[in-house]
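Structure assessment
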Amino acid sequence: MFFLTLSGGLQDAYTYVLRGKVFANAQTGNIVLMSSHLFSGDFSGCVKYLIPVLAFAAGTFAAEQISGAFRNNTRVHWRQIVLAIEIVLLFLVAFIPESANNFANALVSFSCAMQVQSFRKVNGHPFASTMCIGNLRSGMDALSIWTRTKNKDQFERSMHYFAIIVSFAIGSGFGCMLAGILSLKLVLLSCALLLVSFLLMIPGEKRPGMNYNR
């Protein structure tokens, strides 16, 4: 969970800071900006934000197809297949020049969608590894229930969500801080984080924080 959310935050910082102020994950923001450019008559600006929205939709579709085709595979977990594809795509993004930012943003958004579609629960709790609004809502919901009922499980649930948000923020912060140093190669750090997640999913000793529902 920690490495996935770190990667999600870093990817959003990468596309926003280095790839023309486009959100990799927050498609609501892209839709707002797309509509703004559309209604102002700036059609090229509209397309710039439409591309990641469509790519995100395609990534969601692709991840569901992989899940359906490989869910019963006993040799490799289908989520590992998703992570492997995501790592390869983001590795390619690191070598795409700024002149092709639209293509780079499409690949990142496609990858983000595959990740958020594939990793929707951890240790029995729904979560999103590439965005925060749902996690914030769930965290505050659990905290509110705890203040009324003093149910310890609800307090732990709220802390679970706040930890995810903090992890995302750390990834975004490091992404912004290192953008001037690593430039377009910054996304390779995301590849490394996803590789750690991939390795943690290799069958063997049970590892905390990686109990994803199959």
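Figured I'd write up the structure that's included with this text. Everything numeric here is computed off the predicted structure, so don't read it as measured data.

1. Details of the nonpolar core
- Membership of the largest hydrophobic core comes to 32 residues, with the highest contact counts inside it found for Y14 and V93.
- Listed by contribution, the elements that provide at least two residues to this core are α1 (2-18), α4 (78-93), α5 (101-118), α7 (152-182) and α8 (187-200).
- Of all the elements, α5 adds the most residues to this core, at six residues.
- Every residue in contact with V93, bar those within four places of it in the chain, is listed here: Y14, R19, A104, L107, V108 and V187.
- Core analysis: the next-biggest nonpolar cluster, separate from the first, contains six residues, A63, W78, I81 and V82 among them.

2. Some words on unusual backbone geometry
- Its identity is not glycine, yet K21 carries a phi of approximately 60 degrees, on the positive side.
- Positive phi, normally seen in glycine, also occurs at K150, with a value near 60 degrees.
- Its place among the elements puts K150 in the loop between α6 (133-149) and α7.

3. Thoughts on the packing of aromatic side chains
- A complete count under the given rule lists four aromatic pairs for this structure.
- Aromatic pair F2 and F3: ring centres 5.5 Å apart, planes at 70 degrees, arrangement edge-to-face.
- Take F2: its relative accessible area is 39%, and that puts it in the partly exposed class.
- Residue F3 is classed as partly exposed on the basis of its relative accessible area, which comes to 28%.
- It is R79 that lies over the ring of F119; its NZ or CZ is 6.0 Å from the centre.

Calculation rules
Counting starts from 1 at the beginning of each chain's written sequence and moves along it residue by residue. It should be noted that, the model being predicted, local features are given only for residues of pLDDT at least 70 and side-chain atom pairs only at 80 or more, the latter also being counted only at that level, while totals for whole chains, interfaces and linings use all residues. Just so you know, side-chain values use all the structure's heavy atoms and leave hydrogens and water out. Nonpolar core, defined: a set of buried Ala, Val, Leu, Ile, Met, Phe, Trp, Tyr and Cys residues in which side-chain atoms within 4.5 Å join the residues together. Partly exposed residues are those whose accessible area sits between 20% and 50% of the maximum for their type, while under 20% is buried and over 50% is exposed, using a 1.4 Å probe and protein chains only. By definition, any uninterrupted DSSP run of H or I lasting at least four residues is a helix, any uninterrupted run of E lasting at least two residues is a strand, and each is numbered from the N terminus. Note on contacts: a residue pair qualifies if any of its non-hydrogen atoms lie within 4.5 Å across the two residues. Note on aromatic pairs: the rings of Phe, Tyr and Trp (six-membered ring only in Trp) are paired at centre separations within 6.5 Å, and the planes decide the class, stacked below 30 degrees, edge-to-face beyond 60, tilted for the rest. Criterion for a charge above a ring: Arg CZ or Lys NZ at most 6 Å from the ring centre, at most 35 degrees from the ring normal.

Shape descriptors only; they carry no functional weight alone.
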